[in-house]
Amino acid sequence: MLFQKVNSHSVRLLLINFTFWLFITLISATQLYVRFQDSYDGGWSNFVWRQSVVWVGWAVLTPFIFYLVKRIKNEHRLRSGLIHFGYAVGFTLVYSVILSVLSQIFFNPETPMLDFIKMNLTTSAAANLLVYLLIAAFSMLIIFYQKAKLGKERQLQLDLEVQSLEKQLLSAHLETLKAQIQPHFLFNSLHSIASLIRKNELTLATETIATLSELLRATLRNQEKNMISLEEEMELIAKYLAVEKIRFGDMLSIQVSIDEDAKNVPIPAFISQPIVENSFKHAFKTTDDASLKISAELSGSQLILLIEDNGSNLSGSWEQVTHAGMGIKNVRQRLSTVYGVSASFSLLESEKGNTIAKFEIPISPAFNE
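Let's talk about the overall build of the protein
A tally of helices and strands in the protein yields 9 helices and 7 strands. Within the span of the protein, comprising 369 residues, buried residues form 38% of the whole. Considering only contacts within the protein whose residues lie at least 6 apart along the sequence, 72% involve residues at least 24 apart. When the accessible area of the protein is evaluated, it comes to approximately 22,000 Å², of which 60% is carbon and sulfur surface.

Overview of the pattern of salt bridges
In total, this model carries 1 salt bridge according to the counting rule given. A salt bridge links Lys-263 to Glu-260; its shortest N-O distance comes to 3.2 Å.

Comments concerning the nonpolar core
Of all hydrophobic cores here, the largest spans 40 residues; its most connected members are Val-276, Ile-294, Leu-335, Phe-345 and Phe-359. A per-element tally of this core places helix H6 (residues 230-248) first, with 7 residues. Ignoring anything within four residues of it in the chain, the contact list for Phe-359 reads Ile-271, Ser-272, Ile-275, Leu-303, Ile-304, Leu-305, Ile-307, Val-331, Leu-335, Ser-344 and Phe-345. Counting 20 residues, the second largest nonpolar core, distinct from the first, contains Leu-61, Leu-99, Tyr-132 and Ile-143.

Let's talk about the sheet that holds strand E4 (residues 290-299)
Read across the open sheet, the 5 strands follow the order E2-E4-E5-E7-E6; overall the sheet is mixed. Each edge of the open sheet carries a strand with a single partner, namely strand E2 (252-258) and strand E6 (344-349). With strand direction ignored, the average angle separating the axes of adjacent strands in the sheet is 15°. Where strand E5 (residues 302-309) meets strand E7 (residues 355-362), 8 bridges bridge the pair, whose relative direction is antiparallel. Looking across to E7, one finds that Glu-308 is bridged to Ile-356. Across the face of the sheet, helix H7 (residues 273-281) comes into contact with E2, E4, E5, E6 and E7 while running at roughly 160° to E4.

Quick word on the pairing of E4
Looking at chain direction, E2 and E4 are connected through 7 bridges and run parallel. Bridged to Gln-255 within E4 is Lys-293. Direction of pairing for E4 relative to E5: antiparallel, over a ladder of 8 bridges. Within the sheet, the bridge partner assigned to Leu-298 lies in E5 and is Leu-303.

Describing the pairing of E7
Of all 8 residues in E7, 6 are buried, a share of seventy percent or more. As judged from the 6 bridges shared by E6 and E7, these two strands associate in the antiparallel manner. In the sheet register, Phe-345 faces E7, and the bridge partner there is Phe-359.

Conventions we followed
Residues numbered from 1 in each chain as written. Predicted model: local features only at pLDDT ≥ 70, side-chain atom pairs only at ≥ 80, totals over all residues. Heavy atoms only, no water. Helix = DSSP H or I, 4+ residues; strand = E, 2+ residues; numbered from the N terminus. Buried < 20%, exposed > 50% of the residue type's maximum accessible area, 1.4 Å probe, protein only. Contact = heavy atoms within 4.5 Å. Areas by Shrake-Rupley, 256 points an atom, 1.4 Å probe, with all protein chains shown as cover. Salt bridge = Lys/Arg side-chain N within 4 Å of Asp/Glu carboxyl O. Core = buried A, V, L, I, M, F, W, Y, C linked by side-chain atoms within 4.5 Å. Pairing = 2+ DSSP bridges. Axes fitted to C-alpha atoms, helices over the stretch in contact; angles between N-to-C directions.

Structure representation (structure tokens):
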């Protein structure tokens, strides 16, 4: 594929080269025809023929000049200048020989070859040197353009590869953080089931196992996703709360209020689950009347998700969880990984002394599955 690309590019340059020299031939022939049409017979086509003999040598030599110029390294200007001067002299001699051979063949076979060479060197050496320098300068421009274009393509390819690697790394990091959470809530649920069995509450234990199995099935359906809608997140939370509702019974009051406009906002999967779990693990230990409120609404370009419980206040176990617990640390790491500084998580205390976990999440995430 690369060879075909290079070969196609070379053919295009050759076509441009010969088209250019054909154009020079036609211009030169037209000028001479206008100037000397009364002095020579044969018409314009005869002038075109004669000028094609004059310029065909440079048409043949141009690819070689381009190749040699491309091989010259421009690290030392003096050295490069001397090399170009040597090439200029060499190509001028070669062109004089080519022109002399063609002139003897097509125009005057009786004139000795050396006479043609002497005449060409004495009458047009300076012009031929100038032609070489113009070809060399144009070749440098083409080479510079090619290098710049190639560098830009390589940079673009490198940027795409870096972006791909960054996305893979981000995805892997999110998967790792999510994997920390999933076994955690599973172990807690199994612990609750074990507690029910020890209390000989077998009916509740059986019901909890069935509800837990539904939660695990829902979790497995979303395990490949790093981002899910808020509505999907709340469905998972509802199944988790169903497990806890069996354990707490009438002592647990749950209120969920999600604005319709907020339901389709994408958020990191399981981002709210550790906070809900911490309410049961830490906050509700000190109350016989557990209350959990979950609400979400849009505020400007952000989703505001609030999780409020009436358990222990911020000075108690929640503060301990904030500094030492895996759940909140995991939440903050995932928010930072996905949104950078655009998202935030904070703990507040309501006027009633309740603990409020507040998520502020951009509606347009930096990472989207």
